[in-house]
Amino acid sequence: MSKETYQWLEKELPSWVQEGIVTDEGAQVLLRRYVGEKTSSRSSGIAFSLLGFALVGLGIISLLAYNWDALGHLERTLFAIVLLVGAQTFSFFVKRYKPNNTALLEGSGIFWFLMMGASLAIIGQTYHLGGTVFDFLSIWLLLSFGIAWLLPSSGAAFLQIFLWTVVWISHRSDLSTLLEMNTDSFLSTWALLGIVLCWLGYYVWQLRTAKNTNGTLLLSWELAISLFLVFLVEILTQTRLMPHLRSMVNYFALFFALYYMAGMLYLSHGEKTWQRPFERIGKFGALFLVLTQVSFRARIWLDGSDSMIDESSQIGWLAISLIVLFVALLVLFLQKLKQVPAEVLIILAPIIFLIYTLLQSHHEISALAPMLFINVSLLLGASWMIVCGAKEGRLGLINQGMILIALTVWIHFMDAKFDLVAKGVAFIVTGILFLVINAFVRRKLRANA
């Protein structure tokens, strides 16, 4: 909805309420429903404003670095104080006198965050306070985590969760040992968890009050990427002494299924791909994971990664947490949908991979059994997508199922020992069939409409 249409709706709703067309509560719901689309028309202006504030902050830091040697201890200290107090003053001025100017609020939050880091760096370098770069990042995180709440500013919250991710990953002692370097932080695990809980409180508040705004969508993308990075580090640290690819495959299947269901249930901001970060990451991750195992050569990779440690001993707190979350979200998802979902292949990926790896670990079972199981599961899941897409008139879902089947066929064809001419002809034939079926489905959907 354009800004002009939204303003027209704001003017018309009071008369609609008086005439009894809608209730007062319904009018408020309508305004909240379209506020994100109204603000999206100003997204380019806000983006340039944020970029401008970020460039100003980085420019000040660059000028300071260039003249660093010419400044004495007193000048550096005063400069650090002026930067920090000036950024805070400007931020509170905007909050007091321009509370409805989203661009200024977001930009002042980013400027305050950057100047906080610059001031800390100046004081640390001036008085040689010692410590590592990770100690500096930890102090920066500790002193700046309240900026998002004070203004509020989703731009500052975006930078804060990025900084928190870096500090949390560096805080992992197992990772420090693995990298053979001191990356530990003076902040305890509980302190870092407390900081991220405060950030999540801000994020939930934004979801409830401004879910369809671009700022909240940006936070969702950052949260999705940060959680994925933290998950990767946890997997790396937990399996470094027992490298077992089968366990890692099960972990990733659980993680991607959780992402998909969480995105479908709570964390979507619209119907477009870029508005559904959790669902899209979960979907593409799970489908990619399944496709990597359909080749009969995948059995060689899994067998080569076997560890001497028994598989059951590798189940730890991370696996238990993922399983509990998976069961809880699965129950909620089925209660909401009340039917077999079209993309059931993604949701059942953890169960499929559990059976797949169990078949792989039993050597008395034929080596072809697990490969046939994963291929049949993929073909059934893709076929169900096509069936549901035809029933619901969703061409994208039909194409998705057809692409999965085509990729499965191509993977097996590439495994076969055919020359390039035969493979090229097969690709052309498959492409033509794909286009013909797609055109037929489009025609059928138009006729039904």
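Scroll up to find the structure this text is about.
Below: a short report on this structure.

**Structural notes on the side chain of N250**
- Inspection of the secondary structure assignment puts N250 in helix α12 (residues 245–265).
- Excluding residues that lie within four positions of it along the chain, N250 makes contacts with F353, L354 and T357.

**Concerning empty space enclosed by the protein**
- Within this structure, the stated rule accounts for one cavity of 30 Å³ or more.
- Counted as a void, the largest cavity has a volume near 80 Å³.
- Lining the largest cavity, in full, are L141, F145, A148, W149, Q160, I161, W164, I195, C198, W199 and Y202.
- Secondary structure elements with two or more residues in the lining of the largest cavity: α7 (147–150), α8 (154–171) and α10 (189–209).
- Counting residues per element, the lining of the largest cavity draws most heavily on α10, at four residues.
- For the lining of the largest cavity, the residue count by class is ten nonpolar, one polar and no charged.

**Thoughts on the layout of surface pockets**
- In this structure, the largest pocket occupies an estimated 1,000 Å³ of space.
- For the largest pocket, the lining is made up of 29 residues, of which L227, F255, Y259, L322 and L325 are closest to its centre.
- Those elements giving two or more residues to the lining of the largest pocket turn out to be α8, α10, α11 (214–239), α12 and α15 (317–337).
- Sort the elements by how many residues they give to the lining of the largest pocket and α15 lands first, with seven residues.
- Tallied by class, residues from the lining of the largest pocket come to 26 nonpolar, two polar and one charged.

Reading the values: rules and limits
Residues numbered from 1 in each chain as written. Predicted model: local features only at pLDDT ≥ 70, side-chain atom pairs only at ≥ 80, totals over all residues. Heavy atoms only, no water. Helix = DSSP H or I, 4+ residues; strand = E, 2+ residues; numbered from the N terminus. Contact = heavy atoms within 4.5 Å. 1 Å grid on protein atoms, 1.4 Å probe; cavity = no way out; pocket = protein on both sides within 12 Å on 5 of 7 lines; lining within 4 Å. Points joined across faces, edges and corners; volume = space filled by probe spheres on them. Nonpolar A, V, L, I, M, F, W, Y, C, P; charged D, E, K, R; others polar.

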